[in-house]
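In case you want the letters, here they are:
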Amino acid sequence: MVAALVFLAGSVRATGLLDVAPDAVPPFSTIDTIFPNWVQAPTTSFQLLECDDAICGTGCNITGLTILNYGTATGGAAGDVRGMYWLMTCGSKTNTGILPMTFAGIWNIPLYGPLPAWTWAGNEAWGGNPCNNLGFACLCAPSLFIYTDISPCPVDGATLKLGPGFNDAVNPAWPGGMYDSCGYAAPYGVVTDTTVKTIRYVTKEVDKDVVAPGDTVNYTIYYGRPGTVALTNIVIMDTMPGFTHLLPASSAPLPDPGFDPDPGPPSRLRWTIIPPLTTTGGPTGRIVFSLTVDWGNGEGFEPGSGDFGAPEGSRIQNRTAAYFIGTTCATNSSITPPTDSVVSRFRFWKVGSNDILFSPSLGQPPDEITYEIFLKNLSQTKTWWDVRVWDTVPVELDSWCAGCGMDDPCSGWTMTPSGCAAASPGRQVGGGVTLMTWRLDMPPGSTIALRWKGQVRPTDTSGMTALNKVSVLAIGRTGIVDGTGGSGAVKSFTHQAPIVLPTIYVSYLAMAAGENSYFQCCNDGPI
């Protein structure tokens, strides 16, 4: 802390540092994973607000800076972060250069507890009065960039969430961690980077959260080079999820012979990264490969399609393990959390024309509701054959009344639709329950809307709920060109509509007579 400076009230301030705020500047805002031995890794950025546009920074050089880590990573020569740097810039016009900071130990911050701190003291100009110089256009808001050096053997999973120092308990009038030569300090509250950076020895990314059978899923594996001496080699092992196949020639580098993939089960991919594998500077390696999700046209008929399609709603999950042979770190291997993609053939939803239905009452027609089911094929390449859709008619509704039933372009609403109606509509009746049914093939990317209508039954009472579930299942057709297997699991959507008492409005006609006591009391006599 620079205790010799005196804090000046805002009303007196004419120039100087005003405040600090998070700043989303790439690559500082996009890097969320950092690796062992990374040097000057771009980690965090902040925006500096200066007080007076007319004299931006003139005579008010930066003289002190403190950076705290609100995450779990430790600092110092033996810590997870062994170096910290800062740079101030006004766009592309000028910058201070990268300036090293000093690890200042652990500071006890109110409400946060002990945190590692790095400090700097010196005299750095804002960039030569940039707001008055043609073409700078920084609006007196330069950027503060923070870089870090990661140790050779950090804790796997340690986090960085950096921010300028702030301690209003020790320095209530001057709590900020950045100071200038005019006697000002900022920020005036705790400011941290909104993106947590996590240290990993190996990490893995997937490019799709939702996949349809037949889709290609692309994976990227990143791995560091931990330790202080050259590594003997690095072995990367990936366990392939069920219902997937490796896309030929998609891997770079190519997997080891016999592991492209090995038969398993489960099937596995393996890469052996051979020397030279120096750790100085911490270069990060990368492996890319692609899997296809099985669509189940029969492996013997269409190799790579699988005997069965990936079940609807199942999850494509897999992990990657990295082994660092010859490392000097106690941690010589690491396993990633599972990547996760869910299998979905359909986008599927249902709406009703009424959210609340009214129970019957004298003199009012039965309340009606029209259901509309929307079904979309999420694949752009595969046809889902023999798709079955069915909807259970709630017992509270009558679908057999006049003007009810399925939507038929030729016959209107009817329970006996003609050949004009799409998707071969029909019904099944049994045990007092009516099922609306449809059957169709769905080409790639196609969407269909299916509609039916019902009325509230005369016996319904307030408090009931019209609850119905619509479901979809692809039966499939295999052993043909462009064939696909069944979806293996039913996908359902539930709709509910509460039934309440109707609101009844009654009009009254009131007549006042001379003998009316109210009329005599309140309307006779002088006004």
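To be clear, the structure that these remarks concern was listed above.
Notes on the structure in this doc start here. Computed from a prediction, not measured in an experiment: that's the story for all the values here.

1. Here we look at the overall build of the protein
Inference 1: Summing up its helical and strand segments, the protein has 1 helix and 38 strands in all.
Inference 2: Residues classed as buried in the protein amount to 47% of the 527 residues present.
Inference 3: Restricting to contacts in the protein with at least 6 residues of sequence separation, those with at least 24 account for 74%.
Inference 4: Summing over all exposed atoms, the protein offers an accessible surface of approximately 24,600 Å²; the carbon and sulfur share of this is 56%.

2. A word on the sheet that holds strand β22 (residues 285-293)
Strand pairs in the sheet, formed through backbone hydrogen bonds, run parallel or antiparallel to each other.
Inference 1: Strands sit in the order β16-β18-β22-β20 across an open sheet of 4 strands; the sheet is antiparallel. Edge positions in the sheet fall to β16 (202-206) and β20 (244-246), since each of these pairs with one other strand and no more. Neighbour to neighbour, the strand axes of the sheet diverge by 30 degrees on average, direction disregarded.
Inference 2: Here β16 runs beside strand β18 (residues 216-223); their pairing, made up of 5 bridges, is antiparallel. Its bridge partner being in β18, E205 is matched across the sheet by T220.

3. A closer look at the sheet that holds strand β19 (residues 233-239)
Inference 1: One open sheet holds the 4 strands; their spatial order is β21-β19-β24-β25, and the pairing between them is antiparallel. Whereas interior strands pair on both sides, the edge strands pair on one side only; in this sheet they are β21 (268-273) and β25 (333-335). Across the sheet, the mean angle from the axis of one strand to that of its neighbour is 10 degrees, orientation sign disregarded.
Inference 2: Where strand β24 (residues 320-325) lies against β25, 3 bridges are found, and the strand directions are antiparallel. Within β25, the residue paired with A322 across the bridge is S334.

4. Observations regarding the nonpolar core
Inference 1: One finds I34, L65, M84, W86, M101, L144 and I146 to be the most contacted residues of the largest nonpolar core, which totals 32 residues.
Inference 2: Breaking this core down by element, the ones donating at least two residues are β1 (17-22), β3 (41-50), β4 (62-69), β5 (81-90), β9 (113-124) and β10 (143-150).
Inference 3: The element that contributes the greatest number of residues to this core is β5, accounting for 4 residues.
Inference 4: Discounting chain neighbours no more than four positions away, the residues touching M101 are L65, T66, I67, M84, Y85, W86, W118, T119 and W120.
Inference 5: Of all hydrophobic cores here, the second largest spans 30 residues; its members include L357, L397, W438 and V472.

5. Looking at the state of the cysteines
Inference 1: Tallied over the full model, the rule gives 3 disulfides.
Inference 2: One disulfide in the model links C410 with C420; its S-S distance is 1.7 Å. Handedness here is read from the sign of the S-S torsion; for C410 and C420, about -75 degrees, the answer is left-handed. Residue C410 is found in the loop between β32 (405-408) and β33 (412-414), and its partner C420 is found in the loop between β33 and β34 (426-430); the two are separated by 10 residues along the sequence.
Inference 3: For C410, a relative accessible area of 52% gives the class exposed.

6. Focus: the layout of surface pockets
Inference 1: Estimated volume of the largest pocket: approximately 150 Å³.
Inference 2: Around the largest pocket, the lining residues are D407, P409, A421, A422, P425, W438, A449, L450 and R451.
Inference 3: Within the lining of the largest pocket, the residues separate by chemical class into 7 nonpolar, no polar and 2 charged.

7. Describing the packing of aromatic side chains
Inference 1: Per the stated rule, a full pass over the model turns up 11 aromatic pairs.
Inference 2: Aromatic side chains F28 and F145 sit 4.4 Å apart centroid to centroid with 20 degrees between the ring planes, which places their arrangement in the stacked category. Of the two residues, F28 is situated in the loop between β1 and β2 (33-34) and F145 in strand β10; the sequence distance between them amounts to 117 residues. Judged on exposure class, the residue F28 and its partner F145 are both buried.
Inference 3: Among the aromatic residues, those joined into a cluster by ring pairs are F28, F145 and Y147.
Inference 4: Directly above the ring of W384 sits R345, whose terminal nitrogen or CZ lies 5.6 Å from the centroid.

8. Looking at the environment of L111
Inference 1: Looking at the element boundaries, L111 is found in the loop between β8 (102-109) and β9.
Inference 2: Considering only alpha carbons, one finds L111 and N167, 56 residues apart in sequence, at a separation of 9.9 Å.

9. As for the pattern of salt bridges
Any two side chains of opposite charge can pair, given that their charged atoms come close.
Inference 1: Inspection of the entire model under this criterion finds 13 salt bridges.
Inference 2: In this structure, R451 and D407 form a salt bridge, with 2.9 Å as the shortest nitrogen-oxygen distance. Taken as a pair, R451 in strand β36 (residues 447-456) and D407 in strand β32 lie far apart in primary sequence, 44 residues in all.
Inference 3: We classify R451 as partly exposed; its relative accessible area is 31%.
Inference 4: Residue class for D407 comes out partly exposed when judged on its relative accessible area of 30%.

10. A word on the pairing of strand β38 (residues 491-500)
Inference 1: Examined bridge by bridge, strand β28 (residues 357-358) and β38 share 2 bridges and lie parallel to one another. Counted as the bridge partner of L357 is I499 from β38.
Inference 2: Note: strand β37 (residues 465-474) against β38, 8 bridges, orientation antiparallel. Considered in β38, the bridge of V472 is made with K491.

11. Quick notes on the pairing of β21
Inference 1: Going residue by residue along β21, you find L269, W271 and I273 tucked away on one face and R268, R270 and T272 left uncovered on the opposite face.
Inference 2: In this structure, β19 lies alongside β21, joined through 6 bridges in antiparallel fashion. Following the sheet pairing, M237 is matched in β21 by R270.

12. Overview of the environment of S353
Inference 1: Position of S353 relative to the elements: it lies in the loop between β27 (346-352) and β28.
Inference 2: Note: C-alpha distance between S353 and Y371 (18 residues apart in sequence) is 6.5 Å.
Inference 3: Ignoring any residue separated from it by four or fewer positions in sequence, one finds S353 in contact with E368, I369 and T370.

Criteria and thresholds
Residues numbered from 1 in each chain as written. Predicted model: local features only at pLDDT ≥ 70, side-chain atom pairs only at ≥ 80, totals over all residues. Heavy atoms only, no water. Helix = DSSP H or I, 4+ residues; strand = E, 2+ residues; numbered from the N terminus. Buried < 20%, exposed > 50% of the residue type's maximum accessible area, 1.4 Å probe, protein only. Contact = heavy atoms within 4.5 Å. Areas by Shrake-Rupley, 256 points an atom, 1.4 Å probe, with all protein chains shown as cover. Pairing = 2+ DSSP bridges. Axes fitted to C-alpha atoms, helices over the stretch in contact; angles between N-to-C directions. Core = buried A, V, L, I, M, F, W, Y, C linked by side-chain atoms within 4.5 Å. Disulfide = S-S within 2.5 Å. 1 Å grid on protein atoms, 1.4 Å probe; cavity = no way out; pocket = protein on both sides within 12 Å on 5 of 7 lines; lining within 4 Å. Points joined across faces, edges and corners; volume = space filled by probe spheres on them. Nonpolar A, V, L, I, M, F, W, Y, C, P; charged D, E, K, R; others polar. Phe/Tyr/Trp six-rings, centres within 6.5 Å; stacked < 30°, edge-to-face > 60°. Lys NZ or Arg CZ within 6 Å of the ring centre and 35° of its normal. Salt bridge = Lys/Arg side-chain N within 4 Å of Asp/Glu carboxyl O.

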